[in-house]
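Each chain is listed here by its residues.
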Amino acid sequence: MLAPILATKLYVPPAQHGAVLRPRLIGRLNEGLHRRLTLVCAPAGFGKTTLIGEWIAGCGRPAAWLSLEEGDGDPARFLAYLVAALRAVAAGIGEGILDALRSPQPPPTEPLLTALLNEIAAVEDDFFLVLDDYHLVDAKAVDDAIAFLLEHVPPEMHLIIATREDPRLPLARLRARGQLSELRAGDLRFNPSEAAAFLKGEMGLDLSAEDIAALETRTEGWIAGLQLAALSMRGREDVSGFIRAFAGDNRFVVDYLVEEVLQRQPERIRSFLLRTSILERLSGALCDAVTGQEEGSGMLEVLERGNFFVVPLDDKRHWFRYHHLFADVLFAHLMAERPDQVPTLHRRASEWYEQNGLRADAIRHALAAEDFERAADLVELAVPAMRRSRQEATLLAWLKALPDELFHVRPVLNVHYAGTLLQSGELDGVEARLRDAERWLDESADLRGRPEASSARMVVMHEGAYRRLPGSIAMYRAGLALVLGDVPESVTYARRALDLATEDDHFRRGAAAALLGLASWTNGDLEAAHRSYADGMAHLQMAGYISDAVGGSIALADIRIAQGRLREAMRTYEHALHLAAEQGEPVMRGTADMYVGMGEIHRERNDLEAATQHLLRSKEQGEHTGFPQNPYRWHVAMARIQEAEGDLDGALDLLQEAERLYVSDFYPNVRPIAALKARVWAAQGRLGEALDWAREKGPSVEDDLSYVREFEHITLARVLIAEHRCDRADRSILEATGLLQRLLQAAEEGERPGRVIEILVLQALAHHVQGDTPAALVPLERALTLAEPEGYVRVFVDEGRPMARLLFEAAAHGILPDYAGRLLAALEAEEDRSEDQSHPPPALPAQSLAEPLSQRELEVLRLIAQGLSNREIGERLFLALITVKGHNRNIFRKLQVRRRTEAVARARELGLL
């Protein structure tokens, strides 16, 4: 006898009012209509049923819907419900089947299905059959019935299965035949715009773009996770703070995942989930090592098939990870139920990773297990490889995680710590650690007759590293002295390091030679600097420090630029890029820096489009492909492009950001950002601020000249000329011309044509501002003669109309007329652009504000009105997030509003938009 049919199981869920429209998924579903089966397979909370309901509602086809339960595994019960569902599209269908099922001895399933298929084929309209929650039916008979249906299904019916795990159907065969359409968790998760629409439309939350992005990232687009987070946010004042802290230990998330996933699992699976929750990545072998079992691969297969919030990390299904929130929940339960097991599990993971040559992961788990001795051993062995790949940030984090007392008996590790601090720009403690390590060298000498006393206390993982310790200490002392500005001491230690290094010790020989090169660079002896530094880079390359060799091209190219050899500088960057590319994937660190350098050369040649593209290419490479100095160098380079484009406000913004990002290194700071800002102020006519810079930073016309401060002194001369243009005072122009003459002599003696060109240009301008054009043409002719072969443009064009007049005179007097003509053409193009910019749209009624918005603030306001997030605005204007927020605060204050929407409304009232 058949049980009564529960009508609610046949109910097609209606489309939800205000639900997020998902045209990208509806389109995918429509594309699969001609196939036999649509499979929507994802873990709980990914919106499977909602999506199918919306699709059906908008598709115009009738639908038979069956929501399955655990008890529907009985074939007779399943068939009865199937017929009942189909009657929603064809009344009276399957009457004979129901009669047969009511008989004391029902016939086999297949004949009944055959009869049903014949009746389905007679249905006039195309329709859907939806089997929702198919994972609840764990019955081979039902699987066989569905497989039979699929094999013979008439074209009038399209089957849809929604499930949390892959059904035991011939999916591979259907896929191969093109009869299967699939949507999975990766497809169903909300993208940022869908998450924003969901949180605002369905959950009634008006969050900032940053908060939405953070929440979408944290939940990985998991719809239920977003909903649970939204519920948790209700009534909270500090929503942003909550989102930052939102994790798998949130009460709603825990309750949901525990109820929907954990509690439904047999103990064997539950135990596996908890013990493997310490892992960031899972493989079968690793899971075996951690759990002590031998079923890791099989369990992962079960978990993936069952959609246990497992995300595959490769196409071969070797590596997986848990969804982050799910992993948090699992780990919280592990800590609550079995905290004593956690260190052991981490230690097992560390051992497995070490045995498989994955030392970084081995260290991470050793630290998590608080097995610091083991971690210290591993770190000491890992240092050379980490150095070669320039991962000093990770290395420093490991070293700082170790107890300090542990270093006292580990001289090699202590020196590594000192070197890592130095490379990271942290000078505190470097000398102390070197001295601490040096103590062991003295003690070893004293105890040479009693080796057992020394070896009992000292811990060394690599004897070769210990033997090379004196050279390493000398090398780092040379670096420390250079950073502290003591060039003579740096040279002394670098030479000592060279003396101590063996012929085949390319690392120490390379580092010492490079330090000698940097010392020569600091002293302004550029040819010696290039020779020694290039020798150092060659040794480092032979030692396998390819990233350092690539990064060293920044110094080599900068030296060549100061020497006025732009072509050679460009070849240096190109060679470095080629060297980096030869190493294959992943992209080598230093690559992003090469594009910045190439962008600067393109800017000097006035190819601003190519310059910008190179900087964007640098950005695209990703932060990990640049050295720590790359962000500030990038902002300086982009500022100079914007300056060339006439956007001086934008250039100043970028320079201020560059100041914030500045990270020192071993290179001499030969072009301080403060001096660059002073140049922009002078160009803007803000002479007071430019002169304040000179007073605060100290360059004066009476200074003894040095290469390190040459750029500042040239800047001072530039400011003095601008001052004379303003007040016509003799003092400033006399000081400028006197300073320029001394600078010219020093640059010529130092064989720095790059600097000579700029000094000659300023000398020409100084004569011109005094009305002496014939005298101005003398240095200008020399500057043109030096600059033409290397293709200099901006050094002339940046000087604007005064230079245009001089170039016109030069051409008229037959002084390099072709080159002068090309420069004049570039200047005319600048004039045309400036003319366009000087006729902006009708004046803004900013006078209605007590404090008008600046041009940059208006730009930001327009982008706010376009709906761009702060992050998007920053990307559009090349500003840091903190700078954009600063502009926002100013805008809100000036408009006397508190929110973005109010700012846009107010701006429209005022006619600002």
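Given the structure is predicted, the values throughout are model-derived calculations rather than measurements.

Observations regarding the side chain of Glu-380
Here is step 1 of the chain: Topologically, Glu-380 is positioned in helix H20 (residues 372-388).
Here is step 2 of the chain: The exposure class assigned to Glu-380 is buried, which follows from its relative accessible area of 3%.

So, the environment of Ala-230
Here is step 1 of the chain: Residue position: Ala-230 is located in helix H11 (residues 223-233).
Here is step 2 of the chain: Residue Ala-230 is classed as buried on the basis of its relative accessible area of 1%.
Here is step 3 of the chain: In sequence terms Ala-230 and Leu-215 are 15 residues apart; their C-alpha atoms lie 9.5 Å from each other.
Here is step 4 of the chain: Ignoring sequence-local partners within four residues, the contact set of Ala-230 consists of Leu-199, Met-203 and Leu-205.

Here's the deal with the domain arrangement of the protein
Here is step 1 of the chain: When its domains are assigned, the protein resolves into domain 1 (7-188), domain 2 (190-233), domain 3 (680-835) and domain 4 (855-910).
Here is step 2 of the chain: Of note, the centres of domain 2 and domain 4, computed from C-alpha atoms alone, are 23 Å apart.

Comments concerning the packing of aromatic side chains
Here is step 1 of the chain: Under the defined criterion, the tally for this structure stands at eleven aromatic pairs.
Here is step 2 of the chain: Arranged with centres 4.9 Å apart and planes meeting at 50 degrees, the rings of Trp-55 and Phe-128 form a pair that is tilted. Here Phe-128 lies in strand S3 (residues 127-132) and Trp-55 lies in helix H2 (residues 48-59), a separation of 73 residues in the sequence.
Here is step 3 of the chain: Owing to a relative accessible area of 2%, Trp-55 belongs among the buried residues under this scheme.
Here is step 4 of the chain: Judged by relative accessible area, Phe-128 falls into the buried class, the value being 0%.
Here is step 5 of the chain: Here the aromatic rings of Trp-319 and Trp-352 are separated by 6.2 Å at their centres, their planes lie at 70 degrees, and the arrangement is edge-to-face.

Comments concerning the pairing of S3
Here is step 1 of the chain: Within S3, six of the six residues are buried, which leaves the element mostly enclosed by the surrounding structure.
Here is step 2 of the chain: Neither face of S3 is exposed, since Phe-127, Leu-129 and Leu-131 on one face and Phe-128, Val-130 and Asp-132 on the opposite face are all buried.
Here is step 3 of the chain: One ladder, built from five bridges, connects strand S2 (residues 63-67) with S3; its direction is parallel. Bridging across to S3, Leu-66 finds its partner in Leu-131.
Here is step 4 of the chain: Sheet analysis places S3 next to strand S4 (residues 157-163), joined by five bridges and oriented parallel.

Describing the pattern of salt bridges
Here is step 1 of the chain: Scanning all chains against the criterion turns up 68 salt bridges.
Here is step 2 of the chain: For Lys-9, the salt bridge is made with Asp-72, and the minimal N-O distance between the two is 2.6 Å. Taken together, the residues Lys-9 in the segment before helix H1 (23-31) and Asp-72 in the loop between S2 and helix H3 (75-86) connect sequence positions 63 residues apart.
Here is step 3 of the chain: Look at Lys-9 and you get buried, because its relative accessible area is 3%.
Here is step 4 of the chain: Its relative accessible area of 0% is what places Asp-72 among the buried residues.

Concerning the sheet that holds S4
Here is step 1 of the chain: Read from one edge of the open sheet, five strands run S2-S3-S4-S1-S5, paired in parallel fashion. Two strands in the sheet have a free side with no partner beyond their single neighbour: S2 and strand S5 (180-184). Along the sheet, successive strands turn relative to each other by an average axial angle of 15 degrees, direction set aside.
Here is step 2 of the chain: The pairing of strand S1 (residues 37-41) with S5 spans five bridges and is parallel. What sits directly across from Cys-41, in S5, is Arg-184.

Section: the nonpolar core
Here is step 1 of the chain: Core analysis: the biggest nonpolar cluster contains 162 residues, and Met-233, Tyr-322 and Trp-521 have the highest contact counts within it.
Here is step 2 of the chain: Two domains each donate at least three residues to this core, and these are domain 1 (7-188) and domain 2 (190-233).
Here is step 3 of the chain: Every residue in contact with Trp-521, bar those within four places of it in the chain, is listed here: Leu-526, Ala-529, Ala-555, Asp-558, Ile-559, Tyr-667, Pro-668, Val-670 and Tyr-707.

Comments concerning the packing of helix H38 (residues 710-727) against helix H40 (residues 753-769)
Here is step 1 of the chain: For the pair H38 and H40, the least separation of the axes is 10 Å and the interaxial angle reads 15 degrees. Of the possible angle classes, the one that applies to H38 and H40 is roughly parallel. For H38 against H40, the interelement crossing comes out left-handed. Residues Glu-710, Phe-711, Ile-714, Arg-718, Ile-721, His-724 and Arg-725 of H38 touch H40, and the partners they reach there are Arg-755, Glu-758, Ile-759, Leu-762, Leu-765, Ala-766 and Val-769.
Here is step 2 of the chain: Split by residue class, the contact of H38 with H40 holds eight nonpolar, one polar and five charged.

Points about the environment of Gly-479
Here is step 1 of the chain: Structurally, the position occupied by Gly-479 is in helix H26 (residues 469-483).
Here is step 2 of the chain: Gly-479 sits 36 residues away from Leu-515 along the chain, and the two C-alpha atoms are 6.8 Å apart.
Here is step 3 of the chain: Beyond its immediate stretch of four places on either side in the chain, Gly-479 contacts Leu-422, Leu-515 and Phe-666.

Criteria and cut-off values
- Residues numbered from 1 in each chain as written.
- Predicted model: local features only at pLDDT ≥ 70, side-chain atom pairs only at ≥ 80, totals over all residues.
- Heavy atoms only, no water.
- Helix = DSSP H or I, 4+ residues; strand = E, 2+ residues; numbered from the N terminus.
- Buried < 20%, exposed > 50% of the residue type's maximum accessible area, 1.4 Å probe, protein only.
- Contact = heavy atoms within 4.5 Å.
- Domains from an automatic or database assignment.
- Phe/Tyr/Trp six-rings, centres within 6.5 Å; stacked < 30°, edge-to-face > 60°.
- Pairing = 2+ DSSP bridges.
- Salt bridge = Lys/Arg side-chain N within 4 Å of Asp/Glu carboxyl O.
- Axes fitted to C-alpha atoms, helices over the stretch in contact; angles between N-to-C directions.
- Core = buried A, V, L, I, M, F, W, Y, C linked by side-chain atoms within 4.5 Å.
- Parallel < 35°, antiparallel > 145°, perpendicular 65-115°, else oblique.
- Left-handed = near helix turned anticlockwise from the far one by under 90°.
- Nonpolar A, V, L, I, M, F, W, Y, C, P; charged D, E, K, R; others polar.

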